[in-house]
Amino acid sequence: RKMALRAAFALVLVHQARAFYAGPAVTPTSSGLAKRSVIPMANKKYEEEAEANREAARERRLARVSSKDEKRRMLIGANQEMLKKSRQEEKTRMRGDRAVPKLEKVPELELDNLEVGTWMTGRVRRLVGYGAWVDVGSDVDGFLHVNAIKDGFVHHPADELTPGQSIEVCVKNVDLDEMKLGLSCLGAPVKPHYWAHGAWADFGEDGRDLDEFEDDEMVWGVVARVTHFGAFVDVGCECKAFLHASDVPARQLGQWAPDLFTRGQRVRAYVKEVDLNLGRLKITGFRPKSLPKVPF
């Protein structure tokens with residue numbers, strides 16, 4: 001009997017030990033799987049602290065970026081304000097006085113009676129980025145292009161002209177169909193010449209085509225227009241030849257094209273490059289090495 005009681009007591013202890021080490025109770029699901037019904041409270045607390053730390057770090061990072069952006073926005077705003085003010089001043093300077101009176105209309109200066117090359121006195125009415133409108137007493141205002149204000153490079157018409165200023169201009173072209181009048185402060189276009197048969201001749205039907213010019217050929221011409229970095233020369237061709245300031249032998253350091261050329265000046269040069277595709281002719285003042293040396 002004692003043996004039976006001991007065996008029963010041992011069996012009870014075994015069942016209690018198994019129940020103790022089996023873990024928390026589980027509940028079956030509809031899918032036949034079992035899952036734990038309780039999430040440890042320690043894990044929840046850890047996740048909440050981690051999320052709070054991440055949120056604080058995000059706020060600190062945004063605060064640093066916001067301060068830099070604020071400084072950048074202030075600098076950009078100040079720069080834009082300065083640009084806006086300078087543009088407004090430039091616009092006011094170009095517009096000038098709107099109350100500038102127009103000149104009286106002169107019947108002799110009507111568009112039908114004007115001829116190319118006629119000089120007259122005009123008054124600058126308005127400036128634009130590429131030229132100026134000039135009142136010459138005609139039925140329409142003439143346009144003075146920025147390239148026709150003076151020899152050399154002109155960055156902006158406002159650098160040379162002001163609204164209301166009186167200037168001497170020459171009729172450059174007249175278009176009766178579109179009622180347009182072109183003006184120039186440089187005078188009428190230079191009549192092109194070219195050197196042929198030992199004498200100067202006018203460019204006309206006997207002018208040479210571009211493909212007739214050869215490299216290192218000596219040419220004579222007349223300066224038709226001067227830019228800041230070179231001159232366009234009429235050499236009796238269908239297009240004007242370009243002579244760069246650096247291709248002038250007598251050029252000194254610091255001299256530009258307006259210091260070397262004048263309109264109507266005759267020059268001797270040599271063909272440097274002929275571009276038939278673009279229709280361009282470049283010349284130089286240096287004597288090519290392929291030509292024989294001059295004895296003097």
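Residues numbered from 1 in each chain as written. Predicted model: local features only at pLDDT ≥ 70, side-chain atom pairs only at ≥ 80, totals over all residues. Heavy atoms only, no water.

> How should I be thinking about the overall build of the protein chain in this particular structure?
In terms of helices and strands, the protein chain carries 3 helices and 14 strands. Burial status across the protein chain gives 28% buried among its 296 residues. For the protein chain, long-range pairs separated by at least 24 residues make up 60% of all intrachain contacts whose partners lie at least 6 apart in sequence. As displayed, the protein chain offers around 21100 Å² of accessible surface, 55% of which is attributable to carbon and sulfur atoms. (Helix = DSSP H or I, 4+ residues; strand = E, 2+ residues; numbered from the N terminus. Buried < 20%, exposed > 50% of the residue type's maximum accessible area, 1.4 Å probe, protein only. Contact = heavy atoms within 4.5 Å. Areas by Shrake-Rupley, 256 points an atom, 1.4 Å probe, with all protein chains shown as cover.)

> Would you mind going over the sheet that holds strand β7 (residues 180–184) with me for this structure?
In sheet architecture, strand pairing relies on hydrogen bonds along the backbone and comes in two forms, parallel and antiparallel. Taken in spatial order, the 5 strands close into a barrel running β3-β4-β5-β7-β6, and their pairing is mixed. Each strand axis lies, on average, 50° off the axis of its neighbour in the sheet, ignoring direction. Strand direction decides the pairing type here: strand β4 (residues 131–135) and strand β5 (residues 142–145), joined by 4 bridges, are antiparallel. Paired with alanine 132 across the bridge in β5 is leucine 144. (Pairing = 2+ DSSP bridges. Axes fitted to C-alpha atoms, helices over the stretch in contact; angles between N-to-C directions.)

> Mind showing me how you'd approach the state of the cysteines here?
Structurally, a disulfide amounts to a covalent bond that connects the sulfur atoms of two cysteines. A full pass over the atoms with the stated rule returns 0 disulfides. Free cysteine: cysteine 237, not disulfide-bonded; nearest cysteine sulfur from cysteine 239 at 4.0 Å. (Disulfide = S-S within 2.5 Å.)

> Just to check I follow, could you spell out the sheet that holds strand β13 (residues 266–275) for this structure?
In space, the 5 strands of this closed barrel follow the order β10-β11-β12-β14-β13, with mixed pairing throughout. For this sheet, the mean angle separating the axes of adjacent strands, direction not counted, is 50°. Relative to strand β14 (residues 280–284), β13 is paired through 5 bridges, and the arrangement is antiparallel. Across the sheet, the residue bridging to tyrosine 270 is threonine 284, located in β14.

> Just checking my understanding: could you explain the confidence of the model for the protein chain for this structure?
Where the model shows low pLDDT, its predicted coordinates should not be examined in detail. Looking at the protein chain, the pLDDT average stands at 77 and 78% of residues meet or exceed 70. Element-level mean pLDDT values for the protein chain span from 44 in strand β2 (residues 34–35) up to 91 in strand β12 (residues 241–244). Here residues 25–39 scores under 50 on pLDDT; set against residues more than four positions off or in separate chains, the count is 11 contacts. (pLDDT = per-residue confidence, 0-100.)

> Would you explain the pairing of β12 in this entry?
Successive side chains on a regular strand alternate, one facing one side of the sheet and the next facing the other. Where strand β11 (residues 230–234) meets β12, 4 bridges bridge the pair, whose relative direction is antiparallel. Its bridge partner being in β12, glycine 230 is matched across the sheet by histidine 244. Hairpin geometry of β11 and β12 is characterised by an intervening segment of 6 residues between the two adjacent antiparallel strands and by a positive phi of about 80° at glycine 236. Two elements, β12 and β14, share 2 bridges in a ladder whose sense is parallel. Across the sheet, the residue bridging to leucine 243 is isoleucine 283, located in β14.

> Explain the environment of alanine 132 to me, please; I cannot follow it from the model alone.
Mapped onto the secondary structure, alanine 132 falls in strand β4. Placed 12 residues apart in sequence, alanine 132 and leucine 144 show a C-alpha to C-alpha distance of 5.2 Å. Excluding residues within four positions of it along the chain, alanine 132 makes contact with Val124, Arg126, Leu127, Gly142, Phe143, Leu144 and Leu161.

> When you look at the pattern of salt bridges in this model, what are you seeing that I'm missing?
Side chains that differ in sign of charge can pair as their charged atoms come close. Applying the stated criterion across every chain, the model contains 6 salt bridges. For the salt bridge of lysine 150 with glutamate 160, the shortest nitrogen-to-oxygen distance reads 3.2 Å. With lysine 150 in the loop between β5 and β6 (166–175) and glutamate 160 in the loop between β5 and β6, the pair connects residues that are 10 residues apart, well separated along the chain. Classification of glutamate 160 by relative accessible area gives partly exposed; the value is 35%. (Salt bridge = Lys/Arg side-chain N within 4 Å of Asp/Glu carboxyl O.)

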